[in-house]
Amino acid sequence: MAEAKRSQWGSKVGFVLAAAGSAVGLGNLWKFPYITGENGGGAFVLIYLFCILLVGVPIMVGEVYVGKLAQKAPVGAFGDLTPLGSPWKLVGALGVLAGFVILSYYSVVAGWAMHYVYLAATGAFSGAETAEEIAAVGAHFGALYANPGANIFWHTLFMAITVGIVTVGIQKGVELASRIMMPALFVMLIALVIYATTLDGFDRAVGFVFGFHTDQLTGGGVLEALGHSFFTLSLGMGAMLTYGSYMKKEDGVVATSFIISGLDTAVALMACLALFPITFSYGMEAAAGPGLVFVNMPTAFAQMPGGTLWAILFFVLLTFAALTSAISLLEVVASYFIDELKWPRWRAVALTGGAIFLFGIPSALSGGTELFGSGFQSKIQSVFGGDGKNWFDSLDYLASNWMLPLGGLGIALFASWRIEEVKRREALLGERTEGAPLAAYLAWLWILRVVAPVAIVLVMLHALGVL
Ligand code: PHE
């Protein structure tokens, strides 16, 4: 069989939008606002920004760079750039596994977002006046959570759309979808933020997000900020590596990594500036936890003029964000089979997507049966950083606290010690630095060699309870 030509992005903008689409997801619109709320705002945000800049961006440069160099998905990339049978390949394998695990429950949460688009469109979030009506809106989530049929239905639909887009391929599927959804996402988010500025709670929200409340910051919060910077930038599992592998030779890695991280951070901050004013203006609390998006927001929409429209806008935004991230998760898993086993794309995507779908069913059922855990409260708590009690939570705990940091550690060490070694011998300094000043290059190198690994090990020790 003739070797098919490897896919490439149609343009640099296409690559940036697709990678930003991977980064911008439930992590930005859902998790970031609520962990900011729980950690008291300001000081936590500042630490998070430091983590993005000092650890996230350098690792992203390393990860995209490895992909671009190898022109292969994770396992093959490590295999190609190191001697055959090298243990580095395990880093790639871990990434494929992480993509599999994360997508299985991510799809369930994304399914909730889609369900909320439907609810909003059918007028469920409008005209609530009495306390009872208002409470009924918040109670939708409990009902959805406990309804196995609905969870399975939306999980199925979301996976089917994801599979459809990835099947079509890099340029016509992933890139086109991102080109449409990402600008739409920015416009919708900006509209929400502008609306939020007209609310009474806006000043209080700004004070909350950008003021310094160092008293509420804990050691655990610092580590949470670091851990989240991996999740939100899609680092440590080969998503950026895989997307980098479809780059053209002439496109630079450094500037694009800054742009992608900048867009991701902007969305996270804008999400706070949209969600907190609304939350405060309707008399709710910032530290509402994971329910911030699925309970607080609908409750506010139901009482606001034009609430149905804002609700549709918001949940479509959430769905788009989740979709472009899910695409990247599936692409990592599928491209392993495409690159390594030479499967045709449709087969790789259908089989891996189908397997992930099946693996996600227990997550979708977590609420309807008591098989996997307790009630609805613990479920929402569990989704992104809960207490390790049920299936859903265990998977997220495993992926976020272990697989991504471990993968990130591997990628940082690989890019800085292994590749740099090879490149030095080949004297390709010019290509490597992309014209950046030598000092900046050396800073990057030593961050990946020492600073980032130490930081990651601290996160893992924290997860182990040693710190
Ligand atoms: N970055 C995505 C988000 O913020 C999640 C994700 C993690 C996507 C890892 C791909 C890989 O929601």
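Residues numbered from 1 in each chain as written. Predicted model: local features only at pLDDT ≥ 70, side-chain atom pairs only at ≥ 80, totals over all residues. Heavy atoms only, no water.

Enquirer: Got a minute to help me understand the pattern of salt bridges in this structure?
Expert: A side chain with one charge can pair with a side chain of the opposite charge if their charged atoms come near. Summed over all chains, the structure comprises three salt bridges. Among the salt bridges present, the one from Lys72 reaches Asp80, with a minimum N-O distance of 3.4 Å. The exposure class of Lys72 is partly exposed, given its relative accessible area of 22%. Since its relative accessible area comes to 46%, Asp80 is described here as partly exposed. The shortest N-O distance in the salt bridge between Arg345 and Glu331 comes to 3.0 Å. Note that Arg345 is positioned in helix 16 (residues 345–365) and Glu331 in helix 15 (residues 307–340), a separation of 14 residues in sequence. (Salt bridge = Lys/Arg side-chain N within 4 Å of Asp/Glu carboxyl O. Buried < 20%, exposed > 50% of the residue type's maximum accessible area, 1.4 Å probe, protein only. Helix = DSSP H or I, 4+ residues; strand = E, 2+ residues; numbered from the N terminus.)

Enquirer: Any chance you could explain the side chain of Arg449 here in plain terms?
Expert: You can see Arg449 is positioned in helix 20 (residues 438–464). Classification of Arg449 as buried rests on a relative accessible area of 9%. Within polar-contact distance, the side chain of Arg449 engages the backbone oxygen of Ser416 at 2.9 Å. (Polar contact = N/O pair within 3.5 Å; in protein donor to acceptor, adjacent residues only side chain to side chain.)

Enquirer: Help me understand unusual backbone geometry in this model?
Expert: Glycine aside, a negative phi is what most residues show, and trans is what most peptide bonds show. Backbone geometry places Gln71, a non-glycine residue, at a positive phi of 55°. In this fold, Gln71 is placed in the loop between helix 3 (42–70) and helix 4 (74–81). Its relative accessible area of 23% is what places Gln71 among the partly exposed residues.

Enquirer: Looking at this structure, I do not really get the site of the ligand. What am I missing?
Expert: Close to the ligand lie 14 residues, the nearest being Ala23, Gly27, Tyr106, Phe231 and Ser234. Between the ligand and Ser22, the relevant distance is 3.2 Å, taken from a nitrogen atom to a main-chain nitrogen or oxygen of the residue. Asn28 has a polar side-chain atom sitting 3.3 Å from an oxygen atom of the ligand. Considering the ligand on its own, with 320 Å² of exposed area, one finds that the protein chains cover 100% of that surface. Within the residue set of the shell around the ligand, elements represented by two or more residues are helix 1 (12–23), helix 2 (26–38), helix 11 (219–232) and helix 15. (Near = heavy atom within 4 Å. Areas by Shrake-Rupley, 256 points an atom, 1.4 Å probe, with all protein chains shown as cover.)

Enquirer: When you look at the packing of helix 8 (residues 148–168) against helix 16 in this model, what are you seeing that I'm missing?
Expert: A pair of packed helices is captured by two measures, namely the crossing angle of their axes and the spacing between those axes. Running from N to C, helix 8 and helix 16 point in directions that differ by 160°, and their axes come no closer than 10 Å. Comparing the axis directions of helix 8 and helix 16 gives the class roughly antiparallel. Along this stretch, helix 8 crosses helix 16, giving a crossing that reads as right-handed. Contacts from Pro148, Asn151, Ile152, His155, Thr156, Met159, Val163, Val166 and Thr167 in helix 8 reach Arg345, Trp346, Val349, Gly353, Ile356, Phe357, Gly360, Ile361, Ala364 and Leu365 in helix 16. Of the residues assigned to the contact of helix 8 with helix 16, the class counts are 12 nonpolar, six polar and one charged. (Axes fitted to C-alpha atoms, helices over the stretch in contact; angles between N-to-C directions. Parallel < 35°, antiparallel > 145°, perpendicular 65-115°, else oblique. Left-handed = near helix turned anticlockwise from the far one by under 90°. Contact = heavy atoms within 4.5 Å. Nonpolar A, V, L, I, M, F, W, Y, C, P; charged D, E, K, R; others polar.)

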